[in-house]
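The chain contents come next:
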Amino acid sequence: MKPIWIVDDDQSIRFVLEKALLREGLSTRSFTNPREVLAALATEDGSEGPQVLVSDIRMPGGSGLDLLTQVKQQLPALPVIIMTAFSDLDSAVSAFQNGAFEYLPKPFDLPKAIELIRRALEESQREEVAEELMAATPEMMGQAPAMQDVFRAIGRLSQSNVTVMITGESGSGKELVARALHKHSPRANGPFVAINTAAIPKDLLESELFGHERGAFTGAQTSRRGRFEQAEGGTLFLDEIGDMPFDLQTRLLRVLSDGHFYRVGGHTSVKANVRVIAATHQDLEQRVKEGVFREDLFHRLNVIRLRLPALRERREDVQVLTKHFLLQSAQQLGVEPKRISEQALEILGHFNFPGNVRQLENICHWLTVMAPAQMIEAKDLPPEVLSHNNAVNAVAQGEIAAGEFVPLSESAPLAATIGSTPALVNLGAHAGWESALEVEALQLLGTDRQDVWDVLTKRFESLLIQAALATTRGRRIEAAVKLGIGRNTITRKIQELHIEA
């Protein structure tokens, strides 16, 4: 990880922050004025620059606000925290217009300062992850007619700022389409900011979207910009918009209608120069009928609708996507790319992929790690794919009635493993991982053990964390975000459970 740069002419401030960050395991580099920072940036390459910049406003030899402007020209994604005395507060607030991440009033509470720097650090790392994914992945792939329709629509919208609604199942690539729309729009030089409205608790979502003023609620020690302000001049992607709480839908409608909003606890209107792209896997028309989604907001968002096909609707793309993801996984892991047999490809082509393209990508990453040889054979495919294939063959050969089989991709029935070949076990309508857990629990409870809770909890947590790390290519912070736990929590759990990560 790159160091945190601290810029302040006060040696005591630099010393306190350096020592506190060192205790947190974070490296630092200190400067006494903006000239030194700009000189260092001129001689450093991108891999040796700062991860976060913390700068005072008033210093001999230059202004922190001028430094902010110049740094943002070179490193637009770099989070910059401005430290300010009370008399500089108006200047600090205006710094937000130049792209500051946050401001830190002096004298500051050290734990709060470290917490703020940690938040900026996580934001910086999220940006790096997004850039890495964009660099490693082509915008979109697919020869199926349904995907060609999507490509044509992106091309037609390339010079437009119109609001777009993207619909499609989870894992079908809605954010990828949103990024492509941004990249080929007049706002391409502005930021692309994404937020999953279903992944953030209701009581925090309003602040995440619109920001808050200092003292707006308990714990609001400083003012904070929301996603609308962060996306100024660019694109805001609202994923899973169908899950947005009803009262927040009203606030969103107001922004889309007149282009203004208020921070939580604020009294000054903020203008939003942002293009909104929304996405959902739900039937919004039905949610409107049910009274849980505003009809007027639906019509505001539904100016242009793009529907992404599920992967099972474009099976002809499975082969090219599989080979691409195998190559990509090998590059990320630093190993030689694996090849896949025609029989294995045929089996994958008949799988329903309930998780769509994201599931295929994860399967390819799993195969890169787990397949024993350079050539991936049918027997090397993961259990859920083989179970589905075995059951389909059994139905085709008349060994079980079609009505008795529900594919794993739809209801996740329990698979019993005989040797290395998964065999279908028909447990009825309520089969699933809960049934497997119940069977395991009953077996353990039937013994003299008195640690069943700890044993099963540790196994559950270990599997969940390993699955998340596999999905994020080992990136802990991103895995923690997906699981809804803290960065420190996932680090502690990895150590406690002896997970190789």
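Refer to the structure presented above.
Residues numbered from 1 in each chain as written. Predicted model: local features only at pLDDT ≥ 70, side-chain atom pairs only at ≥ 80, totals over all residues. Heavy atoms only, no water.

## Quick word on the overall build of the chain
Stage number 1. The helix and strand inventory of the chain stands at 21 helices and 18 strands.
Stage number 2. Looking at the chain as a whole, 46% of its 501 residues qualify as buried.
Stage number 3. A total accessible area of about 25,400 Å² is found for the chain, and carbon and sulfur atoms account for 52% of it. (Helix = DSSP H or I, 4+ residues; strand = E, 2+ residues; numbered from the N terminus. Buried < 20%, exposed > 50% of the residue type's maximum accessible area, 1.4 Å probe, protein only. Areas by Shrake-Rupley, 256 points an atom, 1.4 Å probe, with all protein chains shown as cover.)

## Section: the nonpolar core
Stage number 1. Counting residues in hydrophobic clusters, the biggest one holds 29 residues, and the most contacted among them are F228, I241 and L301.
Stage number 2. When residues of this core are assigned to their parent elements, the largest contribution, 5 residues, is made by helix α10 (residues 246–258).
Stage number 3. Each residue touching F228, except ones within four places of it in the same chain, is listed here: L209, F210, L236, L252, V255, F261, A272, V274 and V276.
Stage number 4. L311, L326, L345 and L360 belong to the second largest nonpolar core, which has 23 residues in total. (Core = buried A, V, L, I, M, F, W, Y, C linked by side-chain atoms within 4.5 Å. Contact = heavy atoms within 4.5 Å.)

## Regarding a nonpolar patch on the surface
Stage number 1. A cluster of nonpolar side chains, contributed by L333, V335, W366, V369 and M370, occupies part of the molecular surface with about 450 Å² of accessible area.
Stage number 2. In this structure, W366 sits in helix α15 (residues 356–370).
Stage number 3. On the basis of relative accessible area, W366 is assigned to the partly exposed category, the value being 34%. (Patch = residues over 30% accessible without salt bridge, like charges linked within 9 Å, V, L, I, M, F, W, Y side chains within 5 Å. Salt bridge = Lys/Arg side-chain N within 4 Å of Asp/Glu carboxyl O.)

## Some remarks on helix α20 (residues 476–483)
Spacing of three or four residues puts side chains on the same side of an α-helix, whose turn is 3.6 residues.
Stage number 1. Among the residues of α20, I477, A479 and A480 are the ones counted as buried. Seen from one end, α20 has its buried residues packed into an arc of 160°, which puts them on one side.
Stage number 2. With its phi angle positive at about 80°, G484 sits one or two positions after the end of α20. (Arc of directions from axis to C-beta.)

## Some thoughts on the packing of α20 against helix α21 (residues 487–496)
Stage number 1. Where α20 contacts α21, the axes come no closer than 9 Å and their chain directions differ by 105°. Our classification of the angle between α20 and α21 gives roughly perpendicular. Together, R476, I477, A479, A480 and L483 of α20 and R487, I490, T491 and I494 of α21 make up the contact between the two elements.
Stage number 2. In terms of residue class, the contact of α20 with α21 is built from 6 nonpolar, 1 polar and 2 charged. (Axes fitted to C-alpha atoms, helices over the stretch in contact; angles between N-to-C directions. Parallel < 35°, antiparallel > 145°, perpendicular 65-115°, else oblique. Nonpolar A, V, L, I, M, F, W, Y, C, P; charged D, E, K, R; others polar.)

By themselves, these observations are geometric and do not establish any function.
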